[in-house]
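Take a look at the letters that make up each chain.
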Amino acid sequence: MQKRYTYFSTAIFLVLAMFLLNGCDDDCASPEDLPGQTIVIEEHSILSSNYLNNQFFFLDLPPYFGVPVHDVPGRDPSALIIDPSSIAIFQLMGAGVWGPNDVQNVAAYIDSTGVFWSTGESPAPDFSDPYLYGPRWREVDFEFILDIDGGIVAVDLGRQMAPQDVFAVTYDVISQDGQIHYKIGDRPGWDDDDRIHLPNEEGPYYRMKILKAPEDRQEPFTFFYVVRNIYSLGFSHIDIDSVSLKIERNDNSSSPELDENAIPYIQLFGLDKLGQDGSLGPDGFADFMVDFTFDLERGLLFFPLIFPQPFNASEDIYADYANDDNFQWEGTFLQENQAPELYDPETLSLFYPGFGFFKIVVQQTRTAEQ
């Protein structure tokens, strides 16, 4: 939801006031001749249920990501990293004209091992029974979300994909010295000799890891590949000096930005931990200067990895962010309006708006020629 407010600038208001109070002879300029600008305040209100669903994806699930499931035996991120240059992502396509980025015959598998059954600790694979397969898949473009050390946290497909879209991925896992440790799936053009044959199907199939399953299958493992704590601010190319942000209760309370003990919700949700000069301690303003929380160029809000379900977290997490002796949990709006449904594979996304108990309110101020 967007609102727009327009105000005369202070300078123009003062000139007009003097004009009206003091009068003017015939040589005075009329108010409409006065040069000036208006101040425009644009506002976006984003429901807490409206995270950027099906756009950002983890490629695997090490335990430290904080989601309810993780790979077993999994990858040790301190020793093994995903080679960015090796990642290829493909979307299952329907019938249609084949394009230059299309590949034929992909079988996709749920990889709860995180190592694609490539290590000694893994169970024996059964590649004859894929989760799903299809004849035409198209390679898609993507970008990376990186951590402070430059490691891959997630991939960004650039837009929110439809609930029923299907994606598969293949990549290499390398050691710190750059040597391939194991491969996840078969990359077309590189691993053609590794393709397999499926029972009662013609032609060889590339094996890939399913990255996104159809939503209506309510698949409980791949559901958590989706990063569910990133929000659009509604603006891009944002000037840090022109933007403000609040988190409010989605109700009719008189001070929706404050909890029952007057603690701002932006503080309880970990978005105000620093002063504007970078010193520790909240100051009532969102920490826009923190690059790994806000991307002002793209207009994105990232809750931390340790906060994967910001609107369904524990009392301890909110208390830690509050860092205030007045913090209270029992009986508060926050405690009584948690939204586990937003992070549950059994809840279809069309029902998410019913669990938007909070809203993120962003205002951007700009000047415009009158």
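The preceding data block contains the structure.
Figured I'd write up the structure that's included with this text. Starting afresh in each chain, residues are numbered from 1 along the sequence in its written order. Reporting of local features is limited, given that this is a predicted model, to residues whose pLDDT is at least 70; pairs of side-chain atoms are given and counted only at 80 or more, and all residues count toward the totals for whole chains, interfaces and linings. With hydrogens and water excluded, all non-hydrogen atoms of the structure serve as input to the side-chain values.

Before going further, it helps to examine the overall build of the chain. Numbering of helices and strands starts at the N terminus; helices are DSSP runs of H or I of at least 4 residues and strands are runs of E of at least 2. On a plain count of helices and strands, the chain comes out with four helices and 17 strands. The buried label applies to any residue whose accessible area, calculated with a 1.4 Å probe on protein chains only, is under 20% of its type's maximum; exposed applies above 50%, and partly exposed to all values in between. Each of the 370 residues in the chain was classed as buried or not, and the buried ones make up 47%. Sequence separation of at least 24 residues holds for 72% of the intrachain contacts in the chain that already meet a minimum separation of 6. Residue contacts follow a heavy-atom distance rule, with two residues in contact if any of their heavy atoms lie within 4.5 Å.

What follows is about the pairing of strand 12 (residues 206-212). Within strand 12, seven of the seven residues are buried, which leaves it mostly tucked inside the rest of the structure. Relative to strand 12, strand 6 (residues 102-109) runs parallel, the two sharing four bridges. Bridged to Val106 within strand 12 is Tyr206. Inspection of the sheet shows strand 10 (residues 167-175) paired to strand 12 by three bridges, in the antiparallel sense. In the strand pairing of strand 12, Val169 is matched with Lys209. Strand pairing is assigned whenever DSSP detects at least two bridges linking the two strands.

So, on to the sheet that holds strand 16 (residues 300-302). Ordered in space as 13-16-15, the three strands form an open sheet in which the pairing is antiparallel. Strands at the two margins of the open sheet, each flanked by one partner only, are strand 13 (230-232) and strand 15 (294-295). In this sheet, strand 16 lies alongside strand 15 in antiparallel orientation, the contact comprising two bridges. For Phe294, the partnering residue across the bridge sits in strand 16 and is Leu301.

Paired through their backbone hydrogen bonds, the strands of a sheet run either parallel or antiparallel. The strand order across the open sheet formed by three strands is 3-9-8, and the pairing between neighbours is antiparallel. Each edge of the open sheet carries a strand with a single partner, namely strand 3 (56-57) and strand 8 (143-146). Relative to strand 9 (residues 152-156), strand 3 is paired through two bridges, and the arrangement is antiparallel. Among the inter-strand pairings, Phe57 is bridged to a residue of strand 9, identified as Val155.

Mapped onto the fold, Val67 is located in the loop between strand 3 and strand 4 (80-82). The residues touching Val67, leaving out its near neighbours within four places in the chain, are Leu61, Phe224 and Pro308.

A word on the pattern of salt bridges. Side chains that differ in charge, positive against negative, can pair when their charged atoms come close. The salt bridge definition used is simple: a Lys or Arg side-chain nitrogen within 4 Å of an Asp or Glu carboxyl oxygen. Overall, the coordinates contain twelve salt bridges when judged by the stated rule. A salt bridge links Lys183 to Asp191; the shortest N-O distance between them is 3.7 Å. Taking the relative accessible area as the measure of exposure, Lys183 reaches 31% and is therefore partly exposed. On the accessibility criterion, Asp191 (9% relative accessible area) is buried. With its nearest N and O atoms 3.2 Å apart, the salt bridge here joins Glu248 to Lys246. Judged by its relative accessible area of 9%, Glu248 falls in the buried class. When its relative accessible area of 37% is taken as the criterion, Lys246 is described as partly exposed. Salt bridges sharing common partners tie together Asp102, Arg136 and Arg138.

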